[in-house]
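Listed below are the residues making up each chain.
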Amino acid sequence: MKCTPFIVLVAGLALAATAAFAAPPVRDVSAHRHPNIAAAQRLTDQAFKRITDAQQANEWDMDGHAAKAKDLLDQASRELKMAAETANRH
């Protein structure tokens, strides 16, 4: 049973690394120029934080679905930024 502490250590390090790299989406759309897009970006940030809260409450055991949802929220936030940049050019 000497492998058990090692496995626990590796699992803990993996969770810590995931938490370190899963930063919330960046909100950088001007609320003055694009109030609706900025509001949508704010909501992606709020959803990201709620998922993080859920992960912590469940000790991160969600079979990767929460992490995938956070990745998709980050992607949505980046798409919103690109939408605002496109609107700025036109």
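Report on the accompanying structure. (Residues numbered from 1 in each chain as written. Predicted model: local features only at pLDDT ≥ 70, side-chain atom pairs only at ≥ 80, totals over all residues. Heavy atoms only, no water.)

1. Topic: the overall build of the protein chain
- Along the protein chain, the regular secondary structure elements total 3 helices and 0 strands.
- Listing the helices and strands of the protein chain from first to last along the sequence gives α-α-α.
- The proportion of buried residues among the 90 residues of the protein chain is 19%.
- Contacts in the protein chain between residues at least 24 apart in sequence constitute 54% of all its contacts with a sequence separation of at least 6.
- Counting only carbon and sulfur atoms, one obtains 61% of the accessible surface of the protein chain, whose full area is about 6700 Å². (Helix = DSSP H or I, 4+ residues; strand = E, 2+ residues; numbered from the N terminus. Buried < 20%, exposed > 50% of the residue type's maximum accessible area, 1.4 Å probe, protein only. Contact = heavy atoms within 4.5 Å. Areas by Shrake-Rupley, 256 points an atom, 1.4 Å probe, with all protein chains shown as cover.)

2. Here's the deal with helix α2 (residues 35-57)
- Over its 23 residues, α2 runs 33 Å from end to end, which matches the ideal 33 Å to within 8%, given 1.5 Å per residue.
- Every buried residue belonging to α2 is among A38, Q41, T44, D45, F48, I51, T52 and Q55, and all of these are buried.
- Of the surrounding secondary structure, the elements contacted by the buried residues of α2 are α3 (65-89).
- Backbone geometry just after α2 places E59 at a positive phi near 55 degrees. (Expected span 1.5 Å × (residues − 1).)

3. Digging into the pattern of salt bridges
- Scanning the entire structure with this criterion turns up 3 salt bridges.
- In this structure, D74 engages R78 in a salt bridge whose closest nitrogen and oxygen atoms are separated by 3.3 Å. Note that D74 and R78 are positioned in helix α3 at a spacing of 4 residues, about one turn of the helix.
- Given a relative accessible area of 47%, R78 falls into the partly exposed group.
- When the shortest N-O distance is used, the salt bridge between K81 and E85 registers 3.8 Å. Of this pair, K81 and E85 both sit in helix α3, 4 residues apart, roughly one helical turn. (Salt bridge = Lys/Arg side-chain N within 4 Å of Asp/Glu carboxyl O.)

4. Looking at the environment of K49
- With respect to the helices and strands, K49 occurs in helix α2.
- Judged by relative accessible area, which is 45%, K49 ranks as partly exposed.
- Taking the C-alpha atoms as reference points, K49 and K70, separated by 21 residues in sequence, lie 9.0 Å from one another.

These values are about where atoms sit, not about what they do.
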